[in-house]
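Close look at the chain arrangement
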Amino acid sequence: MVFAAPNDALARAKGVLDADPTPLHASVAHQVIGIWQRDWGDMRIALYHLRRARDLAARAESADREADVLAALGVALVHAGRTQQGLAALERGVERGSGHTRARVLFRRAYARWVLGHHREALEDVRKAIPVLRQMEDVIWTARALTLRATVHLAVGAVDRADADFTAAEALWDTTGQEHDKADAVESRGLAAFRSGDIPAALRLLDEAEERYAKLGTPTFMLNIRRCEVLMAAGLAREALTEADAAIAVLDGIGGQSTRKAELLLAAARAARLAGEAHTAIARADMAVRLFAGQRRGWWETHARLVLIEARVAAGRSSGRLVADTAAVAERLASFGAPAAPEASLLAGRIALGLGWRADAEQHLAVAARSRRSGPPLARMTGWAAQALRAQAAGSGRGVLEACRRGLDVLDAHRMTLGASELRARATEQGAELAALAQQASLDSGSPRRLLVWSERWRATALSTPPTRPPADPELQSNLTAFREIAARAEAARMEARPVPALEREQRRLEREIRSRTLHIRGDTPGDGHRFDPGRLLERLGDDVRLAELAVLDGRVQVLLCGQGRVRRYEAGLLADAEREAEHVQAGLRRLAHPGAEGRLPVVEAAGRRLEELLLGPAAAHLGDGPVVVVPPGRLHRVPWALLPSLRERVLSVSPSASSWLRARETEPPPGGRHVLVRGPGLATGGAEVPHLAGRYGGSVVLEYADARVPRVLEELDGAELAHIAAHGTFRADSPLFSDLRMADGPLIVHDFERLDRSPYRIILSCCDTARFASVGADELLGLVTALLPLGTAGVVASSAPVNDAAVVPLMLALHKGLSQGLSLAEALRDARAALPGDALHQATGWAFSAFGAA
């Protein structure tokens, strides 16, 4: 009962002890309390009760009862870090038990050996136990044994065998009322889905398991560890670190299992390293190594040592001793049959290369490269990365490019199994090293066109296809509606200076629900095998248009200037300097959005000149006289490009990639030519341009006041030719897909836009901060504009900075005047800037807006 209804079992056991039981019955009651405390409570209390249960079993003179208690006690001692005592108790249990009881003890010893990382011994024990349990028709323990055997198979990379055992166990669990064991089975299926590379299914199953555990009221430390693994693979390392640290705090608070604490510390160390927090990773990994060593868990200790070395390398440490230590870790992992062995060999090779030890590097990289042919996607990518480094060390540029192409193809196929745009974007981080190696090889080859191809190969790939929509998810729809209502109520309360903590808590809960359901969506769009064709780009650009793609290699900006049938390369400044200058410009624009800051204008203009030198360098003198398309890296998304002197009076557009610009250029407007004008509440001007635009576009759909509600707005935006939205915009750096435009009934968020069948062909966002993005993955952007581009939008006008509401009105009216005369968004925006008054407030407003795409 302790695994069917844990808290009820605990209460019943205490009731037995209150009724002056026989030694035999008291032994059972103490054992139940001990198991409950062992798995979900205080280990000291658990050990007290399990020892009492052992002593009472001996008094009852029942060898099988004593064997059963010894097994539970042995597992508890192992979890408490007292490995030798635990294994001794389990050995004694195997000796004392017979038949059916002995099979159950063997199962527990197999479990303890799995915890310790003794996988071969664990498989031996569970293989002995299963036939006996089946013969006794013990459904519950047979299902437990199959689940454990599947978990051990996963630990050594035997995914197919694990799947077979999980399937058999699940069929048995369906016939029982063991709710905790059923939840554990769902959790285990989540782990299997992850090991086979299906991240959305893994997240969905782990969330389902968590819901089941919550109904039972039991902690979920093993689930926390497994979800951290999946979150890291999904590129959500910071979230994994937060989850691991929170679980450690809970575990410490209840005096829980020492073994779980060590595993959580290892998860936290991995997450911290991936999140770029090397010193945090070193601290967590060092503590994990010491705990695992004390627990005599060699398999786990070796994995923790690998993470500790990775963190030290990330912190800038490198030495010959580190090469030897990493090689020893790789050798030990290989002896365990651990899937992480190639990763360790790759690291040893990388460190050796950095020290100039070519022979040692080749030895380690050759071992790591063997994993490129089989296994899950990330393991194959490790192999291709090793192969690329081998080719680089051998001076074979062609070999580097081939290995990088093969590795990125693997990641591309994996990425398309992810339905959520956020996961697709973050997954590209796994390919950052391969992309960088290929770009460097292209630069070394002296071919700007080849460098352009590789710059495009892994840039803004999340925008290449629309996110996958669930066929019908009433729960997601319900959550979005509830979120909107709560957010609107919270905003109203803030404006009236009323307290909002309860509303904010509910809003955060709904955000987690929405995001969780979105991340569960599996991709249904296979990769189309499309490869960027520079010839097609040059043909589309013609002789007049120039496209300047900015690639960053070794921290320096390389400008690839495309046009007039060729690609030329120019070297500009350092990316770090450009980022600092861009932040200064943003601060200046924020000040200029308010009257009375005219004195800042010369400072901002001077910063614009410095930005041009850093970002375009000598390429600025070769832009010609025609339109310019700028393709910046993700980290430069906040640059107001119209502020740069050589771009200030040009027809200028911005695109996340050259491929994205090509798609936008070739996108046809929808039939019908519907125009939609929306104005949300709370604008200082009341969206004053909208009535004027309604007069300009006869027959347009105007949504304002109570009509500007999210469902109606989405209905009209779907398939429109032109949309103009005047509303307050908010960018959420912490969660970019919850960036919003404020409507009459609450926020219109990015997740809402992703449900459109086709977003408007052209859309003008007369709002603050709508062109702000979060830079994630290798070179990806998450935000409102980037959500629209894959959904059929060919052109967007949006602002990358806060703007003055009153100054926006004449800019928008002038912009639409140009559009009604047949100009593109970029042409109309250039003319609108020129038509504004010459004061600092209006100039800053014009610079803050950019045209994205090609419409």
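Residues numbered from 1 in each chain as written. Predicted model: local features only at pLDDT ≥ 70, side-chain atom pairs only at ≥ 80, totals over all residues. Heavy atoms only, no water.

Moving on, we come to the environment of Ser824. If you trace the backbone, Ser824 turns up in the loop between α35 (805–820) and α36 (825–835). Once the C-alpha coordinates of Ser824 and Val651 are considered, the two residues, 173 residues apart in sequence, prove to be 9.2 Å apart. Filtering out sequence-adjacent residues up to four positions away, Ser824 remains in contact with Arg762, Leu819 and Ala855. (Helix = DSSP H or I, 4+ residues; strand = E, 2+ residues; numbered from the N terminus. Contact = heavy atoms within 4.5 Å.)

Turning our eyes to something else, we now look at the side chain of Thr101. For Thr101, the position within the fold is in helix α6 (residues 99–116). Overall, Thr101 belongs to the buried group, its relative accessible area being 15%. Those residues in contact with Thr101, other than ones at most four positions away along the chain, are Asp64, Ala67 and Asp68. (Buried < 20%, exposed > 50% of the residue type's maximum accessible area, 1.4 Å probe, protein only.)

Moving on: the packing of helix α31 (residues 689–696) against α35. Packing of α31 against α35 brings their axes to within 10 Å, and their N-to-C directions diverge by 15 degrees. As the angle between them shows, α31 and α35 are arranged roughly parallel. Crossing handedness for the pair α31 and α35: right-handed. From α31, Glu689, His692, Leu693 and Arg696 reach across to α35, where they touch Val809, Met812, Leu813, His816, Lys817 and Ser820. Residues that form the contact of α31 with α35 fall into these classes: four nonpolar, three polar and three charged. (Axes fitted to C-alpha atoms, helices over the stretch in contact; angles between N-to-C directions. Parallel < 35°, antiparallel > 145°, perpendicular 65-115°, else oblique. Left-handed = near helix turned anticlockwise from the far one by under 90°. Nonpolar A, V, L, I, M, F, W, Y, C, P; charged D, E, K, R; others polar.)

It is worth spelling out the pattern of salt bridges at this point. The full count for this structure, using the stated rule, is 55 salt bridges. A salt bridge links Arg54 to Asp55, with the nearest nitrogen and oxygen atoms 3.3 Å apart. We classify Asp55 as partly exposed; its relative accessible area is 39%. Its salt-bridge partner being Asp245, residue Arg284 comes within 2.9 Å of it at the nearest N-O pair. Of the two residues, Arg284 sits in helix α15 (residues 278–294) while Asp245 sits in helix α13 (residues 237–254), which places them 39 residues apart along the sequence. Residue classification places Asp245 among the partly exposed positions, given a relative accessible area of 25%. It is possible to trace a salt-bridge network through shared partners that takes in Glu402, Arg405, Arg406, Asp409 and Arg457. (Salt bridge = Lys/Arg side-chain N within 4 Å of Asp/Glu carboxyl O.)

Of note in the backbone geometry, Asp554 takes a positive phi value of approximately 55 degrees without being a glycine. Tracing the chain through its elements places Asp554 in the loop between β1 (546–553) and β2 (556–563). By relative accessible area, which is 80% here, Asp554 ends up exposed. Its identity is not glycine, yet Gln564 carries a phi of approximately 55 degrees, on the positive side. For Gln564, a relative accessible area of 42% puts it in the partly exposed group.

This part is about the packing of helix α21 (residues 397–415) against helix α24 (residues 448–457). How two helices pack is summed up by the angle between their axes together with the distance between the axes. Closest axis-to-axis distance for the α21/α24 pair is 12 Å, and the angle between their directions is 25 degrees. Comparing their axes, α24 and α21 come out roughly parallel. The element α21 and its partner α24 pack so that their crossing is left-handed. Across the interface between the two elements, Leu401, Cys404, Arg405, Leu408, Asp409 and Asp412 from α21 touch Arg450, Trp454 and Arg457 from α24.

To continue, consider helix α7 (residues 119–135). When the terminal C-alpha atoms of α7 are compared, their 25 Å separation across 17 residues agrees well with the 24 Å that a helix rising 1.5 Å per residue should span. Where α7 is concerned, the buried positions are His119, Ala122, Leu123, Asp125, Val126, Ala129, Ile130 and Leu133. Summarising the contacts, the buried residues of α7 are in contact with α6, α8 (139–155) and α16 (298–314). Downstream of α7 by a residue or two, Glu137 has a phi angle that is positive, lying close to 55 degrees. (Expected span 1.5 Å × (residues − 1).)

This paragraph deals with the packing of aromatic side chains. For any pair of aromatic rings, the description rests on two quantities: the centre-to-centre distance and the angle between the ring planes. Tallying each qualifying case throughout the model produces seven aromatic pairs. Ring centres of Phe3 and Trp40 lie 5.9 Å apart, and the angle between their planes is 70 degrees; this geometry places the pair in the edge-to-face category. Of this pair, Phe3 sits in the segment before α1 (6–18) while Trp40 is found in helix α2 (residues 23–40), placing the two residues 37 residues apart along the sequence. With respect to burial, Phe3 and Trp40 carry one shared label: buried. Relative to Trp114, the ring of Tyr111 has its centre 5.7 Å away and its plane inclined at 50 degrees; by these criteria the two rings are tilted. Here Tyr111 pairs with Trp114, and both are found in helix α6, just three residues apart, close to one helical turn. Taking relative accessible area as the criterion, Tyr111 reaches 21% and is therefore assigned partly exposed. Taken together, the ring pairs connect Phe3, Trp36 and Trp40 into an aromatic cluster. One cation-aromatic arrangement involves Arg144 over Trp141; the distance from NZ or CZ to the ring centre is 4.8 Å. (Phe/Tyr/Trp six-rings, centres within 6.5 Å; stacked < 30°, edge-to-face > 60°. Lys NZ or Arg CZ within 6 Å of the ring centre and 35° of its normal.)

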